[in-house]
Amino acid sequence: MRRSRSVRALVTAAVTTVAAAGMAVLGSGTAQAATPLPDHVFAPYFESWTGESPAAMAAESGAKHLTMAFLQTTAKGSCTPYWNGDTGLPIAQASFGADIDTIQAGGGDVIPSFGGYTADTTGTEIADSCTDVDQIAAAYQKVVTTYDVSRLDMDIEVDSLDDTAGIDRRNKAIKKLQDWADANGRDLEISYTLPTTTRGLASSGLAVLRNAVTNGARVDVVNLMTFDYYDNASHDMAADTETAAQGLYDQLAKLYPGRTATQLWSMVGVTEMPGVDDFGPAETFTLANAARVYDWAVAKGINTLSFWALQRDNGGCPGGPAADDCSGIQQNTWDFTRVFAPFTSGTTAPDDDFSVTATPASGTVTAGGSATTTVKTAVTKGAAQQVGLTVSGVPAGVTASLSPSSVTAGGRSTLTLATTQAAVSGTYRISVTGTSPSGSHATAYTLTVTGGTGSQCTAGPWAGGTVYTGGQQVSYKGHTWKAKWWTTGEEPGTTGEWGVWQDLGAC
């Protein structure tokens, strides 16, 4: 997945099936029995570079499963992946582990995704970067065992679609990983996320699947990115999703001639982009489109519904272009999630349940003062339960208190956010999560701080000749900037919203 994309290749129909070659099984690593994903799952992408909590956002939105984007190396030639290529976010329990544990404890799960547009265009997708198949397979295994997950996603696009050596290494590594999982009795799925035309995969995407068949690598789900067509045509985005998926079905039928129609549709995944996509308003996915796609997906029995990305599911920039944090259309927060969330099957609805809301949902405070909101809970099903309340996302210079911190569903609590003069001026999204025996729900409160004397510019000044890696911060022209990946010589503020430097705010 990416923050802008172009698909210009033509579709071809030639498919060759080749006998798979056997490969060695990985010999080390724990193989716990991860819980398999539901047969039909809604798993929107979560942008893991934003600093937000995936567990809090899952609870707040109601999306029980998330596709976590992205894992990549810091530089071409490396065999060590990190979240977003950030050396501060290695594959370890300290990096999102507690969040993933919380999501899994609530009956959900995450799907770690390798690749993405940035990795695929900079040679830092691990199979493009690393020439050692065993090390690639070991990296995949480490993600599986560290986070106890049952699916990995491979987001392969642009330059990675033309790297035939990387494609072959990736599928060989997947085969090794699958042999290891099979030998240890572990459920493990692999999904390929690929760009599409409105009639199915382009030849380059189809070649990825052909190579998987050649190498004996099992592909469980082919997830189409049904947006950013860049063909200057008129688009009904829901209709185009249906024709793209039908084209994929026809291609899969040739690749896997022994499979039934039900089995082939169960290999199909669809990822939409809520609202305006990167091409512009001509490619706008509406809530009406979402409802039609949902009904179609249920009828066809596809495997996965997703969208890019959870952070975009709000109406914060109506009339605007594609952005990482809003849809560009008029909508309520989580409207698209609420349409797609019931697609997930195999989960048991709790006998007792509740909701959490904050009234008011936003407030402005001058540094040194305080803001309050009423946190309301309500019984939505069954009997009232005890609900514990916690707060996350509170910035430096602000303290949060809840009175009381636990209520019986139907009760209320007061959230007080007290600021100091040293608070940093800005707008912050604060999450209040309620937890009971039946699960968790959350609500958001937006706090705007003005007049603060605090400074974010504790980072060193940017220097044009210095090499920066993902996660490093610099100060430049009164703002703090964070590098999303390896860079040198690129001036902060000049690379655009899709560029290497993320603006963390003014000093």
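Report follows, based on the coordinates. (Residues numbered from 1 in each chain as written. Predicted model: local features only at pLDDT ≥ 70, side-chain atom pairs only at ≥ 80, totals over all residues. Heavy atoms only, no water.)

1. A closer look at the overall build of the protein chain
- Helix and strand counts for the protein chain come out as eleven helices and 26 strands.
- Taking 2.2 N^0.38 as the reference for a compact globule, 507 residues should give roughly 23 Å; the C-alpha atoms of the protein chain span a radius of gyration of 23 Å, in line with that estimate.
- Expressed along its principal axes, the backbone C-alpha trace of the protein chain runs to roughly 70 × 60 × 50 Å.
- Residues classed as buried in the protein chain amount to 54% of the 507 residues present.
- Surface exposure of the protein chain reaches about 19,000 Å², of which carbon and sulfur atoms provide 51%.
- Taking the average place of the 30 positive charges on the side chains of the protein chain and the average place of its 48 negative ones, the gap between the two points comes to 2 Å. (Helix = DSSP H or I, 4+ residues; strand = E, 2+ residues; numbered from the N terminus. Rg over C-alpha atoms; globule rule 2.2 N^0.38 Å. Buried < 20%, exposed > 50% of the residue type's maximum accessible area, 1.4 Å probe, protein only. Areas by Shrake-Rupley, 256 points an atom, 1.4 Å probe, with all protein chains shown as cover. Lys, Arg positive; Asp, Glu negative; His and termini not counted. Charge placed at Lys NZ, Arg CZ, Asp CG, Glu CD.)

2. Concerning empty space enclosed by the protein
- Evaluation of the coordinates by the stated rule reveals two cavities of 30 Å³ or more.
- Counted as a void, the second largest cavity has a volume near 70 Å³.
- Around the second largest cavity, the lining residues are Ala43, Tyr45, Thr67, Ile111, Arg151, Asp153, Ser191, Thr193, Val221, Asn223, Thr304 and Ser306.
- Contributions of two or more residues to the lining of the second largest cavity are made by β6 (151-155), β7 (189-195), β8 (221-225) and β12 (304-307).
- Among the residues forming the lining of the second largest cavity, the class breakdown is four nonpolar, six polar and two charged. (1 Å grid on protein atoms, 1.4 Å probe; cavity = no way out; pocket = protein on both sides within 12 Å on 5 of 7 lines; lining within 4 Å. Points joined across faces, edges and corners; volume = space filled by probe spheres on them. Nonpolar A, V, L, I, M, F, W, Y, C, P; charged D, E, K, R; others polar.)

3. Some points on the sheet that holds strand β15 (residues 370-381)
- Across the sheet, which stays open at both edges, the four strands sit in the order β13-β15-β19-β17 with antiparallel pairing between neighbours. Only two strands of the sheet have a single neighbouring strand rather than two, namely β13 (353-359) and β17 (398-403). Direction aside, neighbouring strands of the sheet carry axes that sit 20° apart on average.
- As defined by bridge partners, β17 adjoins strand β19 (residues 412-419) across six bridges and the pair is classed as antiparallel. Note on β19: the bridge partner recorded for Val398 is Thr419. (Pairing = 2+ DSSP bridges. Axes fitted to C-alpha atoms, helices over the stretch in contact; angles between N-to-C directions.)

4. Some words on the state of the cysteines
- With the rule as written, the count across this model stands at two disulfides.
- Residue Cys317 pairs covalently with Cys326 via a disulfide, S to S 2.0 Å. Because the torsion about its S-S bond is 110°, the bridge between Cys317 and Cys326 counts as right-handed.
- Since its relative accessible area comes to 19%, Cys317 is described here as buried.
- A residue is classified by how much of its surface remains accessible, and Cys326, at 7% relative accessible area, is buried. (Disulfide = S-S within 2.5 Å.)

5. Some points on the environment of Gln178
- The residue Gln178 is located in helix α6 (residues 164-183) in this model.
- On a C-alpha basis, the gap between Gln178 and Glu189 in space is 8.4 Å, while along the polypeptide they are eleven residues apart.
- The residues contacting Gln178, other than those within four sequence positions of it, are Ile190, Gly216, Ala217 and Arg218. (Contact = heavy atoms within 4.5 Å.)

6. Examining the sheet that holds strand β20 (residues 426-436)
- Spatially, five strands are ordered β14-β21-β20-β16-β18 in an open sheet, and the strand pairing comes out mixed. Only two strands of the sheet have a single neighbouring strand rather than two, namely β14 (362-366) and β18 (406-408). The sheet shows a mean angle of 30° between the axes of neighbouring strands, taken without regard to direction.
- As defined by bridge partners, β20 adjoins strand β21 (residues 439-450) across eleven bridges and the pair is classed as antiparallel. Paired with Val432 across the strands is Thr443, a residue of β21.
- Contacts from helix α1 (residues 54-61) reach β16 (386-392), β20 and β21 within the one sheet, and its direction differs from that of β21 by about 105°.

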